[in-house]
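The chain contents come next:
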Amino acid sequence: MKHLLSVCDAQDQVVQLLDLAMWFKKGKSDDKPLKNKTLAMIFQKSSTRTRVSFEVGMGQLGGHALYLSTNDLQIGRGEPIPDTARALSRYVDGIMIRALKHEDVVELSENASVPVINGLTDLEHPCQALADMQTIKEHRGTFEGKLVFVGDGNNVCNSLLLISAILGLNMTVACPEGYEPNAEIFKKAQELAKESGSVLEIIYDIKKAVKNADIIYTDVWVSMGDEEEQEKRINDFMPFQVNEELMALSNEGAIFMHCLPAIRGQETTAGVIDGPQSVVWDQAENRLHAQKAVMYSLMKD
Ligand code: CP
Ligand code: NVA
């Protein structure tokens, strides 16, 4: 793996990365494998978890992280992405970027001589998917079972489809028509699933979808960049709220997941996200451990 732009970049290393993430979580690493290394973190959109977990993780590995908002960088004034990639590569050992357009991250990686990590784009959120699989393994001990993603077939959903397909987890997307996951990603995930045996499907009937679910996952209805469609989206997604009634239709002991930030009263009720089936804070914590595994794998000498 040279960069982590998509879950597919880690295809052959997912299991290894998850083992490493668990190892870091157990506090097994006292040495500082990334001593004197620097990670540039470029943010074109807001972040709490991604920013803090990368910065803290880099510090715990002995390195240093730089927070760079695109408003403050020359990118914000029109400096081309390739020039930014070339200049940063002369100073730092890795670049993490959260960007509006996935193509921009691809362009950055093509012109950088250091590893580039996708910290969320409109297309994918691979670091989230790794942390989520770590959380599922911890809570369920297995990737056997069915994950149902309820809501917008967005960046988080796309990365979950790819990682589920790699690990052999069955995944159903329950969404309103017009909000399906990216077609190319779904196709790619189906190809990967042929090997792992995972069953992937898109279902518009939410009640049917959550039957036999072991994991119910949702995300905001209005992602960063979709703000103009807010009113329409809230209307379209209302029947797809994950509430107590919906959770009751899934398997007993099913867990509830959300990448966060959440809006209580929209995609989830407070009763569900703050209830006993919710594992959302473990997911948030695991961002730190999973990303340490990614940074270690990409940036160590
Ligand atoms: N889940 C996630 O990426 O959170 P932030 O937007 O806070 O980084
Ligand atoms: N789908 C959400 C995820 C936030 C972590 C967004 O892109 O805004």
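See the structure shown above.
None of the values given here were measured: they were computed from a predicted structure.

Draft legend 1. Molecular detail of the packing of helix H2 (residues 49-60) against helix H12 (residues 280-299). Axis separation between H2 and H12 bottoms out at 9 Å; the angle between their running directions is 55 degrees. On the basis of their axis angle, the class for H2 and H12 is oblique. As H2 packs across H12, the resulting crossing turns out to be right-handed. Contacts between H2 and H12 pair Arg49, Thr50, Ser53, Phe54, Val56, Gly57, Met58 and Gln60 from the former with Ala284, Arg287, Leu288, Gln291, Lys292, Met295 and Met299 from the latter.

Draft legend 2. The arrangement of the site of ligand 1 in detail. Around ligand 1, the neighbouring residues are Ser47, Thr48, Arg49, Thr50, Arg98, His125, Gln128, Cys259, Leu260 and Arg287. One of the side-chain nitrogen or oxygen atoms of His125 is found 2.9 Å away from an oxygen atom of ligand 1. Taking Cys259, its main chain carries an N or O atom lying 2.9 Å from a nitrogen atom of ligand 1. Burial of ligand 1 by the surrounding chains reaches 96%, relative to a free accessible area of 260 Å². Looking at side-chain class alone, the shell around ligand 1 contains two nonpolar, five polar and three charged residues.

Draft legend 3. Expanded view of the sheet that holds strand E6 (residues 170-174). If you trace the five strands from one edge of the open sheet to the other, you get E7-E6-E5-E8-E9, paired in parallel fashion. Strands with a single pairing partner mark the edges of an open sheet, and in this sheet they are strand E7 (200-203) and strand E9 (255-258). Put simply, the sheet's adjacent strands are angled 20 degrees from each other on average, direction ignored. Relative to E7, E6 runs parallel, the two being bridged by four bridges. Each bridged residue has a counterpart across the sheet, and for Ala174 the counterpart in E7 is Ile203. Across the sheet, helix H6 (residues 155-167) lies against strand E5 (146-150), E6, E7 and strand E8 (215-218), angled at about 160 degrees from E6, the strand it touches most.

The rules we used
Residues numbered from 1 in each chain as written. Chains lettered and ligands numbered in written order. Predicted model: local features only at pLDDT ≥ 70, side-chain atom pairs only at ≥ 80, totals over all residues. Heavy atoms only, no water. Axes fitted to C-alpha atoms, helices over the stretch in contact; angles between N-to-C directions. Helix = DSSP H or I, 4+ residues; strand = E, 2+ residues; numbered from the N terminus. Parallel < 35°, antiparallel > 145°, perpendicular 65-115°, else oblique. Left-handed = near helix turned anticlockwise from the far one by under 90°. Contact = heavy atoms within 4.5 Å. Near = heavy atom within 4 Å. Polar contact = N/O pair within 3.5 Å; in protein donor to acceptor, adjacent residues only side chain to side chain. Areas by Shrake-Rupley, 256 points an atom, 1.4 Å probe, with all protein chains shown as cover. Nonpolar A, V, L, I, M, F, W, Y, C, P; charged D, E, K, R; others polar. Pairing = 2+ DSSP bridges.

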